[in-house]
Amino acid sequence: MFEFLGLGKFDKILSRFENIPLDVFEGSCVCVRDKAAKCKYCVDNCPVSAIKIIDNHPEIDMSKCNGCGICANVCPTGVFELKEIPDDKLLSRIEAALNHTKILTLTCGKTQRSNNNPELKNAITVSCIGRVNEAVLIGSVVLGASTIWLNGSNCDECNQKQGLEVAGKVVS
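The following refers to the structure shown. What you see is a predicted model, and the numbers here were worked out from it, not measured in a lab.

Cut-offs applied
Residues numbered from 1 in each chain as written. Predicted model: local features only at pLDDT ≥ 70, side-chain atom pairs only at ≥ 80, totals over all residues. Heavy atoms only, no water. 1 Å grid on protein atoms, 1.4 Å probe; cavity = no way out; pocket = protein on both sides within 12 Å on 5 of 7 lines; lining within 4 Å. Points joined across faces, edges and corners; volume = space filled by probe spheres on them. Nonpolar A, V, L, I, M, F, W, Y, C, P; charged D, E, K, R; others polar. Helix = DSSP H or I, 4+ residues; strand = E, 2+ residues; numbered from the N terminus. Pairing = 2+ DSSP bridges. Axes fitted to C-alpha atoms, helices over the stretch in contact; angles between N-to-C directions. Contact = heavy atoms within 4.5 Å. Salt bridge = Lys/Arg side-chain N within 4 Å of Asp/Glu carboxyl O. Buried < 20%, exposed > 50% of the residue type's maximum accessible area, 1.4 Å probe, protein only. Arc of directions from axis to C-beta. Polar contact = N/O pair within 3.5 Å; in protein donor to acceptor, adjacent residues only side chain to side chain.

Okay, empty space enclosed by the protein next. Under the defined criterion, the tally for this structure stands at three cavities of 30 Å³ or more. What lines the largest cavity is a set of 13 residues, and nearest its centre among them are Cys46, Cys65, Asn66, Cys68 and Cys71. For the lining of the largest cavity, the residue count by class is 10 nonpolar, three polar and no charged. Looking at the second largest cavity, its volume works out to about 60 Å³. Looking at the second largest cavity, the residues that line it are Cys29, Val30, Cys31, Cys39, Tyr41, Cys42, Ile53, Cys75, Pro76, Val79 and Phe80. Elements that contribute at least two residues to the lining of the second largest cavity include exactly helix H2 (30–33) and helix H3 (41–45). For the lining of the second largest cavity, a count of residues per class yields 11 nonpolar, no polar and no charged.

A sheet is described by the order of its strands in space; here three strands give the open sequence E6-E5-E7, paired in parallel fashion. Among the strands making up the open sheet, the edge pair consists of strand E6 (124–126) and strand E7 (147–151). Between one strand and the next, the sheet's axes are offset by a mean angle of 25°, whatever the strand orientation. Bridge count between strand E5 (residues 103–108) and E6: three bridges; the pairing is parallel. What sits directly across from Cys108, in E6, is Val126. On top of the sheet, helix H5 (residues 87–97) reaches E5 and E6; it is set at about 160° to E6, its chief contact. Sheet strands touched by helix H7 (residues 134–142): E5 and E7. Its angle to E7, the strand with the most contacts, is close to 145°.

We now examine the pattern of salt bridges. Counted under the stated rule, the structure contains three salt bridges. Here Asp23 ties to Lys83 by a salt bridge, and the two come within 4.0 Å at their closest N and O atoms. Pair noted here: Asp23 is in strand E1 (residues 22–24) and Lys83 is in the loop between strand E4 (80–82) and H5, with a separation of 60 residues, a long-range link. A relative accessible area of 34% places Lys83 in the partly exposed class. Put simply, Arg131 and Asp87 hold a salt bridge, and the shortest N to O gap is 2.9 Å. On the criterion of sequence distance, the pair formed by Arg131 in the loop between E6 and H7 and Asp87 in helix H5 is long-range, its members being 44 residues apart.

Turning our eyes to something else, we now look at the layout of surface pockets. Vacant regions in the atomic arrangement are exposed by a probe of water-molecule size rolled over the atoms. What the largest pocket holds in volume is close to 210 Å³. What lines the largest pocket is simply Pro21, Asn66, Gly67, Leu82, Glu84, Ile85, Leu90, Thr125, Val126, Ser127 and Arg131. Partitioning the lining of the largest pocket into residue classes produces five nonpolar, four polar and two charged.

Here four bridges tie strand E2 (residues 51–54) to strand E3 (residues 57–60), and the two strands are oriented antiparallel to one another. When the bridges of E3 are listed, Ile51 appears paired with Ile60. Hairpin remark: E2 followed by E3, antiparallel, with two residues in the connecting loop; positive phi at Asp55, about 50°.

Along H7, the positions that sit buried rather than exposed are Val136, Leu137, Gly139 and Ser140. The buried residues of H7 occupy one face: seen down the axis, they fall within an arc of 165°. H7 presents Ile138 and Val142 as exposed residues on the side facing more than 90 degrees away from its buried surface. Structurally, the start of H7 carries an N-cap: the backbone nitrogen of Ala135 is 3.1 Å from a side-chain oxygen of Asn133. The positive-phi residue at the C-terminal boundary of H7 is Gly144, with phi of around 115°.

Shown next as structure tokens:
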């Protein structure tokens with residue numbers, strides 16, 4: 001019935017939008033606002049080469065995007081925001097964790113949790129360590145974290161390994 005009405009193709013297109021891991025606020029991009037701008041932080045840091053600047057507009061190949069969030073962290077103008085866990089939701093999870101301990105551990109989803117490792121037992125999982133930005137770190141301290149660990153123990157083996165380098169720049 002959907003094909004008869006021509007809605008079958010529309011349904012396929014709509015399902016692709018539902019699976020997009022990012023909100024993109026293109027009007028915030030410095031390249032859109034200033035045609036002479038040469039900013040390419042998102043392009044240079046995307047581990048899967050899903051972002052390109054075409055005619056001064058950020059273009060995301062959603063078939064490549066893995067939702068790591070590195071682009072959201074490195075963009076100085078806030079063009080990208082993770083849909084699944086934006087900063088406010090991540091900070092809510094951090095606040096709940098800090099009710100049990102003042103030592104906060106953030107770890108990527110690819111890191112194995114070990115019951116033998118007390119730092120990882122109550123760790124909060126993020127898409128990539130490179131997704132952790134200044135707002136999350138400062139917010140965690142404001143919420144009461146006395147210590148913040150960024151666990152990048154598997155970053156060397158990861159296809160998003162530059163995420164650890166990005167996180168290091170945030171911390172320093």
